[in-house]
Each structure stands twice: as C-alpha cells, then as structure tokens.
Amino acid sequence: MDLGAMVCLPNTSPCCSRCPLTSICTGYKEDIASSLPVKSSPKPRIKEQKTVLVLVSQGKTLLRRRPGTGLLAGMWEFPNLEGWLSENNVVDLLEEWGLRPLTVRHLAEARHIFTHREWHLRGYLIEVADTLLVQGALWVKGPAVREEYAIPSAFKSFARHLDQWIKLGE
C-alpha cells in the first residue's frame, strides 16, 4: 500500500481515519500528523565572485572547455577567474599568458543563480593583438561561437557583446 500517496497526502491534511498504521503512528498519537513531514530549511547558497574575460582578436574569441565533471561539466566558457580582479590585474595576467591587450572595456556586472551556488560576475571585453595559443583554450571564429559551442547561460550576458567584434573579423 502506498501510504504517502493515499493517506499521508502531501500539502494537505492526512487521512488518519483510513490509515492501517494509526495505532503505531507517533504523529497521530501526538496530534502533529498534519505538520509532518518537517522540511529542513534549505542551505544558503554559496556566493562566489568571478572575473570573466571575453578575449577577442581578429574576429575570433577565446573559449575554454570546462572540466568533464562538476558544475557545467564539459561546456565551453569564456576564461574566468575566482574573485574580482582589477583592470591592472587582468592586464598583468594576460601578459603572463603571452597576450598583449590593445583595449580593455568593463562590461556590466551579472549574476547567475544555481540551486546551490550564486555567481556574481564582473566582466571585461578585451581586444588582444594576437591569437596566441593559450593552454586549455581555443580561438573560435565569428558566428561559430554561438552556432557550434554550448556556452552556459551564466555567460550569455557577456556573449552578447561579441556581435560587434564578430562583424569586424568577417
């Protein structure tokens, strides 16, 4: 017998008079059956700050693949880093990667909420001089960014800034 579907109904008063287990039910004996089950309060979301780098050069955009396990596994993304980096920190990092920034533009901040995580995203649209190889990433030409690569919705607000750069490289 499926008591949960026929007697102890969710979101309504239970039908204790029809239950064959009333004599051993603690909820019935203590007159708290209508308040059961007690749902635990949800855990607060983990809030993370990230800096998103939308790197463009010669009509191409740099994408990297996320790890094969975990959050957004295997999807493509713009390079991003933990914490909020200043423009100077970003420029220094790109130079460490062997890239020479030509222009750096701040993008509007964004927020993406997962069930257990909340990302607060700060982005930069950066034009770099060359499309040098960056470990774990690839340069994607023009419309292929949208047509051939699955970019998570967490990064969509940054992807819309690519239109002007894609047209320049065609």
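Cut-offs used in this document
- Residues numbered from 1 in each chain as written.
- Predicted model: local features only at pLDDT ≥ 70, side-chain atom pairs only at ≥ 80, totals over all residues.
- Heavy atoms only, no water.
- Patch = residues over 30% accessible without salt bridge, like charges linked within 9 Å, V, L, I, M, F, W, Y side chains within 5 Å.
- Areas by Shrake-Rupley, 256 points an atom, 1.4 Å probe, with all protein chains shown as cover.
- Salt bridge = Lys/Arg side-chain N within 4 Å of Asp/Glu carboxyl O.
- Helix = DSSP H or I, 4+ residues; strand = E, 2+ residues; numbered from the N terminus.
- Buried < 20%, exposed > 50% of the residue type's maximum accessible area, 1.4 Å probe, protein only.
- Core = buried A, V, L, I, M, F, W, Y, C linked by side-chain atoms within 4.5 Å.
- Contact = heavy atoms within 4.5 Å.
- Polar contact = N/O pair within 3.5 Å; in protein donor to acceptor, adjacent residues only side chain to side chain.

So, on to a nonpolar patch on the surface. Residues Ile 32, Leu 36 and Val 38 make up a contiguous nonpolar surface patch of about 270 Å² in total accessible area. Inspection of the secondary structure puts Val 38 in the loop between helix H2 (26-29) and strand S1 (46-57). Owing to a relative accessible area of 68%, Val 38 belongs among the exposed residues under this scheme.

Here the focus is the nonpolar core. Counting 22 residues, the largest nonpolar core has Val 52, Val 54, Leu 63, Phe 78, Trp 119, Phe 155 and Phe 158 as the members making the most contacts within it. Residue assignment for this core shows that the elements contributing at least two residues are S1, strand S5 (101-113), strand S6 (117-128), helix H4 (144-147) and helix H5 (156-159). What Val 52 contacts, discounting residues up to four positions off in sequence, is Phe 78, Pro 79, Asn 80, Leu 121, Arg 122, Gly 123, Tyr 124, Phe 155 and Phe 158. Among the nonpolar cores identified, the runner-up in size contains 13 residues, and Leu 62, Val 134, Ala 137 and Trp 139 belong to it.

Of note, Lys 50 is situated in strand S1. Since its relative accessible area comes to 5%, Lys 50 is described here as buried. Here Glu 82 takes part through its side chain, which lies 2.5 Å from a polar atom of the side chain of Lys 50. If we skip the residues at most four places from it in the chain, Lys 50 touches Asn 80, Leu 81, Glu 82, Gly 83, Trp 84, Trp 119, His 120, Leu 121 and Arg 122.

Our next topic: the pattern of salt bridges. Under the criterion given, the structure shown has 8 salt bridges. A salt bridge links Glu 118 to Arg 45, with the shortest nitrogen-to-oxygen separation between them at 3.6 Å. Within this pair, whereas Glu 118 is found in strand S6, its partner Arg 45 is found in the loop between H2 and S1, the two being separated by 73 residues in sequence. The partner of Glu 77 in a salt bridge is Arg 66, and the shortest N-O contact between them spans 2.6 Å.

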